[in-house]
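Here are the chains, one letter per residue:
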Amino acid sequence: MPSASENDSCLGDPNFAVICSFLQHYADILKIMNPTFKTLQEMIESKNDVARELVNTVMRLLYKCNISVDRERWERRLAKFCRTYSDDDADTILRLGFRNLKTTVKLRVIKELLEYQFEHNIEFKKIVNEMTPDKQRCKPLMEDDGGHLFWTMTDSNDDTVVYKENVKKKSWNVLAHDRDELTKLIKRNAPATPPRRTSARRSLANATIRPSSEPKAKDLLKELRLSIGRLKDVA
């Protein structure tokens, strides 16, 4: 993913994970964009003109909640929506424009608009209520002996983000934000003497991953489970 300053990056904000998860579950239902993690990050962190795909998504989400909107005044309508949860965010949009907002504010606005659909988009709400719980939300990949939860998401480009959550302290951090970082994470957690395996396949933690034969994200995640060790499955 593209680099960004530590204080103005999608990667350090939990709302980015919430947005990515929502889009993976519900973008098709809402008929809105579901870009790769990298593309979405670029859209949100950019200080240039707001990407057309992002504007279209915002407009559609507002329209679905009975907020009239047109392309010339979409920011004013978005500010009107923001009044439902924060006058500060609304005033900041009107003063600076969406593109000049801090990344953390952009993420909060988008996250609030997405979650607003659950209560105010009647058609969407009906569909979601008919879905089984496992279709509505992500499930942690695993839990370690210290009670930390490991969450993962994989996009259409097979890039995987790995988060580690401290449930007791209500904190979390990003362990890997793409394929290269995931591979490094596996290597860092690999035991000094890897257990012998009956399979002829070499451990990914100790292998050089060649571009011509890169393993799928699901295979890397299996290797991650093994490399961290002493895990208990999450029911």
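Residues numbered from 1 in each chain as written. Predicted model: local features only at pLDDT ≥ 70, side-chain atom pairs only at ≥ 80, totals over all residues. Heavy atoms only, no water.

Undergrad: Got a minute to help me understand the pairing of strand E3 (residues 160–166) in this structure?
TA: Judged by how many residues are buried, E3 sits mostly within the fold: 5 of 7 residues are covered. Relative to E3, strand E2 (residues 148–154) is paired through 7 bridges, and the arrangement is antiparallel. Bridge assignment links Thr 154 to a residue of E3, and that residue is Thr 160. Linking two consecutive strands that pair antiparallel, namely E2 and E3, is a turn of 5 residues; a positive phi of about 70° is found at Asp 158 within it. Where E3 and strand E4 (residues 171–176) come together, 5 bridges link them in antiparallel fashion. In the strand pairing of E4, Asn 166 is matched with Ser 171. (Buried < 20%, exposed > 50% of the residue type's maximum accessible area, 1.4 Å probe, protein only. Helix = DSSP H or I, 4+ residues; strand = E, 2+ residues; numbered from the N terminus. Pairing = 2+ DSSP bridges.)

Undergrad: Please clarify how the pattern of salt bridges should be interpreted in this entry.
TA: A pair can form between side chains of opposite charge whenever their charged atoms are brought close. Using the criterion set out here, one finds 11 salt bridges in the structure. In this structure, the salt-bridge partner of Arg 108 is Asp 89, at a minimum N-O distance of 2.8 Å. With Arg 108 in helix H6 (residues 103–120) and Asp 89 in helix H5 (residues 87–96), this pair connects stretches of sequence that are 19 residues apart. Residue Arg 108 is classed as partly exposed on the basis of its relative accessible area of 29%. Residue Arg 179 is joined to Asp 158 by a salt bridge in which the shortest nitrogen-to-oxygen separation is 2.8 Å. Placement of Arg 179 in helix H9 (residues 179–189) and of Asp 158 in the loop between E2 and E3 is noted, with a sequence separation of 21 residues between them. Accessibility expressed as a relative area gives 12% for Arg 179, which makes it buried. (Salt bridge = Lys/Arg side-chain N within 4 Å of Asp/Glu carboxyl O.)

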